[in-house]
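Listed here are the chains, written in short residue letters.
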Amino acid sequence: MRRRSGEGQAPGSVRRTADGGQRARLPLRKSLFARLLAVSALVAACSVAATAWLAVQTTSGAIRQEQGQNLTADARIYHSLLGYAAAHPTWDGVGKTVRDLAKQSGRRIALTTERRAPLADSADPESAAALPAQASAIVDPLSVDTALAAETAGASGAPADRVDPRAVGPFRLPASERAALQKTADRKVSCLSATGIASDVVRSASGRPRIQVVGNDPDRLQGTRCATDELDSPTATEKKALKALNQLADACLKRQGRAAVQLKLDLSWGQPMEPRPAVATPREQLSTPPSPAPTYAPTYAPTDAPSPVPGTRPSQSAGNGEDDRAIASCVGTARREQLGSYVASPALLFIGDTGGATVPGFDLSPANTAKIAGAAALVLALTVGASVLVGARLVRPLRALTGAAQRMRDGEDSVPVLVAADTEIGRLAATFNDMSAHRARLEAQRKAMVSDVAHELRTPLSNIRGWLEAAQDGVAEPDPAFISSLHEEAVQLQHIIDDLQDLAQADAGALRLHAEPVRIEELLTQVAAAHQARAETSGVALTVLPVDPGHPVPGLTADPVRLRQAIGNLVSNAVRHTPSGGSVTLRPYGSESGDAVLVDVKDTGSGIPAEDLAHVFDRFWRGEKSRSRRTGGSGLGLAIVRKLTEAHDGTVTAVSVPGRGSVFTLRLPADREGGHGDGPAGPEPGPAGEVPPGDELAHDAPAHGPDGSEHGSGHGSERP
């Protein structure tokens, strides 16, 4: 066996080129393996350096971020416990709240008295670590931690007098007053809704409802009939609590030698003898923009939006700034004194990790620097090693593909490239193997076609030459029979060339079609008339089945000449291979979906063996290799049928049972409009044996045998 070029050579070694020269080894700088290794090493080095730098630069930031997250979580816990203290006079029952908060936050939460007597602890007292010396915060609703309160209060900030707005004490309305105010608020909301103003009823911590206009535009209430002054008036409970608070504030002012004041429900104040209503009229409320100072707790609304927090503010008729500060201080003191018996006592809050762990620190000490350098060297070594392994596995199949392609270029036989795995390179190798096999098949077909064409042309030329030499030697007389025989051989030669030209045009996409509306029933009648004489001579019944009236054939647009040529080839083929007494039937019909027109050419001939059925449409293929062109044709007829059908965007198939006959089916796309074709049909069939005008190709179509051969040439050599 001949040794293939390049076989046994190491990858990258010197190779012989097609002209006998030597191919130099690929430079290392152009090698895919070297470039992959260099890029991997560079990426690894940069990654290690960047990781080390980021670790140092972001450690402190991560610690600050974690501390900030802890502060936010601590503020939520503080806010929840502060609300519990504002609504309960003691800490009894706070244990469940503490456990729930600990479960949500994943932290340890403990509450003790100011003397560190335990009140509640989310950890098991027997196994829990000792509490730290410094408490996280002091939970006192009368003295709110401004830093933690600012984390949860949002834009409204902490309350000015540091009293939690949820601590309402004696201002909490009983159920009867709540129901009465709620009824009034609902009536006002309905009134506003009737005027086209959307509003909602929200409740404050004391239970007092208030109307909130959607869109925060209270000016829309001006000019409406829906006055809200009923909701602004204090109830009996609020009057009693406000009177007690006023007395406490006046006592404080009296000790300072200052005049008494009259507190209003929103904790603004004025002179006691000033004849001003306790609550602003609706028009004043609408015309005066809301004060930036927070309102009193009874108007606190437990909504998701920032709510007003309690505070103290002077009225428009108050005195100078020093008096206002003194009054505000006394009002705050009075509030804390009044609420003292309604809220829980101050408690120490401890928040920490469940295991008592703290955030570790980091520094660039010599030991840490050595650890970073060692880790970087290890990562770099592993990266280089992995790159060497992966690069070698990647380059090996590429070199095999390169060698196979070079052998193919040199015209040598190329063995298939090994496909090791289903990867990108594996698929590339599989595709290359397919391409190589397809190229080998095409080369074999080309050689066989050249041989077949030479053989087909040699036969008629040899006959013509023989007859002419016989006439020249005086052996044969140039009588009419002699001339007819020479003419028949010349026609045979011309038809072979025409068949080859049709196939060449179809392969090149240059086959021109002159499409027009076609009535398929009339076209089949024309084809049957053109082959009727030949069928009668062979003793074969040639018929066209009528269309089922209940299932009309869809409209068809096609080249009638080319279509008659294709169907004529099939009919002539069927008549040729159907014995005397048999039948050939043409049947047009539409597909079930109505998107195609189908034509069946059915015969009761000898049939086609199963192993030959897949090759009947191949060029120059004969089931019986011993057939001559006169007995079996050249094998181009059915190939032409397939090309003409494909030119119409259709398909042709064949089914056969040996000994019972064959059915060839043409499937052509129907017109989109559907329905029966109503365009101009082809020429009417003439008398038996007469070729209709323009139907010479269909009339002279070859008669194909079941093996793909034809009787006569692709355009026919006999006339009925």
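Structure shown above.
Rules and cut-offs
- Residue numbering note: each chain is counted from 1, following its sequence as written.
- Predicted model: local features are reported for residues with pLDDT of at least 70 only, side-chain atom pairs are reported and counted for 80 or more only, and whole-chain, interface and lining totals are derived from all residues.
- Excluded from the side-chain calculations are hydrogens and water; all other atoms, namely the structure's heavy atoms, are used.
- Exposure categories follow from relative accessible area, calculated using a 1.4 Å probe and restricted to protein chains: below 20% of the type maximum is buried, above 50% is exposed, and the middle band is partly exposed.
- In DSSP terms, a helix is any run of H or I states spanning at least four residues, a strand is any run of E spanning at least two, and both are numbered starting from the N terminus.
- Any two strands with at least two DSSP bridges between them are considered paired.
- Helix axes use the C-alpha atoms of the stretch in contact, all axes being lines fitted to C-alpha atoms, and the angles between their N-to-C directions lie in the range 0 to 180 degrees.
- Aromatic pairs are defined between Phe, Tyr and Trp rings, using the six-membered ring for Trp, whenever the two ring centres lie within 6.5 Å; interplanar angles under 30 degrees are classed as stacked, those over 60 as edge-to-face, and all others as tilted.
- Two cysteine sulfurs form a disulfide in these notes if their separation is within 2.5 Å.

Undergrad: Looking at this model, I keep getting lost on the pairing of strand 18 (residues 661-669). Mind explaining?
TA: The two faces of the sheet receive side chains in turn, since in a regular strand these alternate between them. Most of strand 18 is tucked away, with seven of its nine residues classed as buried. With seven bridges connecting them, strand 16 (residues 596-603) and strand 18 associate as antiparallel partners. Directly across from Val-597, in strand 18, lies its bridge partner Leu-668. Two strands pair when backbone bridges link them, and strand 17 (residues 651-657) and strand 18 are joined in this way by seven bridges, in the antiparallel orientation. Directly across from Thr-653, in strand 18, lies its bridge partner Thr-665. Where strand 17 hands over to strand 18, the hairpin turn is made up of three residues, of which Gly-659 adopts a positive phi near 90 degrees.

Undergrad: It is not clear to me how the sheet that holds strand 17 should be interpreted in this structure. Could you clarify?
TA: Within a sheet, adjacent strands bond to each other through the backbone by hydrogen bonds, running parallel or antiparallel. Ordered in space as 13-15-16-18-17, the five strands form an open sheet in which the pairing is mixed. Two strands bound the open sheet, and with one partner strand each, they are strand 13 (541-544) and strand 17. Each adjacent strand pair in this sheet contributes to an overall mean axis angle of 15 degrees, direction not counted.

Undergrad: Before we go on, may I ask you to explain the packing of aromatic side chains in this structure?
TA: Within a pair of aromatic rings, the relevant descriptors are the distance that separates the centres and the angle that separates the planes. One pass over the structure, following the stated rule, counts three aromatic pairs. Judged by centre distance (6.1 Å) and plane angle (15 degrees), the ring pair of Tyr-84 and Trp-91 falls under stacked. For the pair formed by Tyr-84 and Trp-91, the shared burial category is buried. Consider the rings of Phe-617 and Phe-664, whose centres lie 6.2 Å apart with planes at 80 degrees: the pair is edge-to-face. You can see Phe-617 sitting in the loop between helix 14 (610-613) and helix 15 (629-632) and its partner Phe-664 sitting in strand 18, a full 47 residues away along the chain. On the accessibility criterion, Phe-664 (3% relative accessible area) is buried.

Undergrad: Explain the environment of Leu-570 here, please?
TA: Following the sequence through the fold, Leu-570 ends up in helix 13 (residues 560-576). For Leu-570, a relative accessible area of 1% corresponds to the buried category. It is 8.5 Å that separates the C-alpha atoms of Leu-570 and Gly-637, two residues lying 67 residues apart in sequence.

Undergrad: Quick question: what am I supposed to make of the state of the cysteines here?
TA: Such a bond, covalent and formed between the sulfur atoms of two cysteines, is termed a disulfide. One pass over the full model with this rule turns up one disulfide. For Cys-252, the disulfide goes to Cys-330, at an S-S distance of 2.3 Å. The sign of the -65 degrees torsion about the S-S bond sets the Cys-252-Cys-330 disulfide as left-handed. Residue Cys-252 is found in helix 6 (residues 236-255), and its partner Cys-330 is found in helix 8 (residues 321-339); the two are separated by 78 residues along the sequence. One exposure class covers both Cys-252 and Cys-330, and it is buried.

Undergrad: I keep staring at unusual backbone geometry and nothing clicks. Help me out?
TA: Leaving glycine aside, a negative phi is the common case for residues, and trans is the common case for peptide bonds. Positive phi outside glycine occurs at Arg-116, with the angle close to 70 degrees. Here Arg-116 is to be found in the loop between strand 3 (107-112) and strand 4 (118-121). A positive phi is found at Asp-649, a non-glycine position, where the angle reads about 60 degrees. Tracing the sequence through the fold places Asp-649 in the loop between helix 16 (637-647) and strand 17.

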